Amino acid sequence: MNAQSNPGPVDFDLSRGRVDRRADAETKVGHDDQVVLVPVTALAGLEKIAGAAVTAQLARSIGVSFGSRVAAKIGSAEAVAKASLEVFVSALAGEVAVSGWGVLHLERWGRAMVLVVDHAPALPYGMLAALLEGAVSAAAAREVHAVALAKGTGDASEARAARVLIVSARTAEHARRWLLDGASEAEVIRRLHDDVPRTGGTA
Amino acid sequence: MNVREQVAKLEGLLARVSSRRNAPRKAVEPEAAHAEALAEDSQVAPAQTTPIEARVAEAVVAKAMAPVAPKGAEPVVAKPVAAAVVEAKAVEPVVAKPVAPAPVEAKPAAPVQAAASAVELTARRAEGPKTPKPDDVELDFGVEVEEGVAEIDLEGLEDEAGISALSDSVADLDTVAGGDREEPPVSSQRPIRVEPPLEELAFGDADSIEAKQPPHSTPPESGRQAATPQASEDFLRSRARPAPAVAPPPAPTPVAPPAPPAALAAEVTRPVIAAASPAVFRGALPIPRPATLGELLDSTLAL
């Protein structure tokens, strides 16, 4: 991990009972964010209580915080758009790892952008996809939609990876429908690159 | 009656004759001496006289009673000795074979000792009266056997008549002795041909080999014989399974010089292939590779 990917320390102030995400000490950019440690089981129970849309909104807000920190780290949203993939991925992966959401890397399948998270916590992949959607949107200052290509929940003890497709809103609707029809990850990506007319989706 | 019995009888006679010879001689009247001899003979072994001996005795007596012309031209009266069975010849050497299978030569004057089992016969002139009468002749046969050598003393036989009579008796004894012996089988009578040793057959130099090795060696003593190491090795070698014949490693055969080229030889023509590459690549594979996150977002959002 290079210097640009350093997410900054987590300050545990036991006298005041405060945990802060410090800004990058080297670059002196960004600001401190006060955080709370929330058990994973609490987040998992929230989906059962409040539903998937509420949980996804919560996760997306967490991701926005990550993206804001990345953009602040890189400089700005324009800088992020002009930054290399390695710089962006490194900055975002640092934020994800410090917050305990797993190990992030990027895959490019043809023209499609896929973010992969290894050792993700035992939470629904939809929640993870909402987190990354918020992070990329905040970092690049562009509206993107994320679709989890696999169903189920993550498991930090396993090496199972959670792949999240970053596409437009219309394409995300098609991908979600194909996944509900039982298409695999590779099949969804292959269909995205075909020129066949996409039915059922909103352009 | 085998030879042993005859020898035993001869020993008995020898003892008796020796006793008589050692006894002092005295002049007796012929009739008295004859009677005395008969009485003595009857006392000695009247029952042991065998028919053959009897015949010999009768023959001797008959010859002795006949008028003879000895050297001294004196009539000799033979005194028969009943059991004196001897073989003797006063003039000619007699081949005697009563006792041992080996022939025995008897010499008239000097004893002949032929072999360990030979019989030495000695004829002695009896020291009888100087002027004997026909009835006054005394035949004294002495037989001495010492260690297998029988010495027979013939005393009183100085005339040809007595000797010839004894010759007849000896002939009878020869017949008797020969009767006990069996003729060897025909297979044993054939001449034995000594085969040349293997060394001679192999090398042809038998004289030197025989000179080095004696023809016979003394037989080993009775008892347990320890085998010599060489004998043991020979025994084991004869008992052991013969080792498989291991062929010696083949000697490197000299490489034969190449045969001279034949008149017909194939001429090979090989193709010449150009080094130019048959494939030509033009242009580059269109691979979208966004350099920045913005380009990637544009491509992925365009899907």
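Criteria and thresholds
Residues numbered from 1 in each chain as written. Chains lettered and ligands numbered in written order. Predicted model: local features only at pLDDT ≥ 70, side-chain atom pairs only at ≥ 80, totals over all residues. Heavy atoms only, no water. Contact = heavy atoms within 4.5 Å. Buried area = accessible area lost by both parts, 1.4 Å probe. Salt bridge = Lys/Arg side-chain N within 4 Å of Asp/Glu carboxyl O. Polar contact = N/O pair within 3.5 Å; in protein donor to acceptor, adjacent residues only side chain to side chain. Nonpolar A, V, L, I, M, F, W, Y, C, P; charged D, E, K, R; others polar. Core = buried A, V, L, I, M, F, W, Y, C linked by side-chain atoms within 4.5 Å. Buried < 20%, exposed > 50% of the residue type's maximum accessible area, 1.4 Å probe, protein only. Helix = DSSP H or I, 4+ residues; strand = E, 2+ residues; numbered from the N terminus. Pairing = 2+ DSSP bridges.

When the parts of a complex come together, some accessible area is lost, and that lost area is often taken as the interface size. Taken together, the contact pairs 14 residues of chain B with 25 residues of chain A. Summed over both partners, the interface of chain B with chain A buries about 1,600 Å², with 66% contributed by carbon and sulfur atoms. Summed over the shared surface of chain B and chain A, the result is one salt bridge. The residue Arg-142 of chain A makes a salt bridge to Asp-298 of chain B at a minimum N-O spacing of 2.5 Å. Where chain B meets chain A, there are eight residue pairs in polar contact (both at pLDDT 80 or more). When its residues are assigned to classes, the side of chain B that touches chain A shows eight nonpolar, four polar and two charged.

Phe-88, Leu-92, Trp-101 and Met-113 of chain A are the most contacted members of the largest nonpolar core, which totals 43 residues. Of all elements in the fold, only α2 (52-74), α4 (85-98), β4 (103-109), β5 (112-118), α5 (125-140), β6 (145-148) and β7 (161-167) of chain A together with α9 (293-301) of chain B reach the threshold of two or more residues within this core. Take this core: its biggest share by element is eleven residues, from α5 of chain A. Among all residues touching Leu-92 of chain A, those that are not within four sequence positions of it are Phe-66, Val-70, Leu-104, Ala-135 and Val-136 of chain A. Counting 17 residues, the second largest nonpolar core, distinct from the first, contains Ala-112, Leu-165, Trp-178 and Ile-189 of chain A.

Turning our attention to the pairing of β4 of chain A. Residue and element names in this part refer to chain A. As paired strands, β4 and β5 are joined by seven bridges and run antiparallel to one another. Counterpart to Leu-106 in the pairing with β5 is Leu-115. Counting the residues between successive antiparallel strands, the hairpin from β4 to β5 contains two residues, one of them, Gly-110, with a positive phi of roughly 70 degrees.

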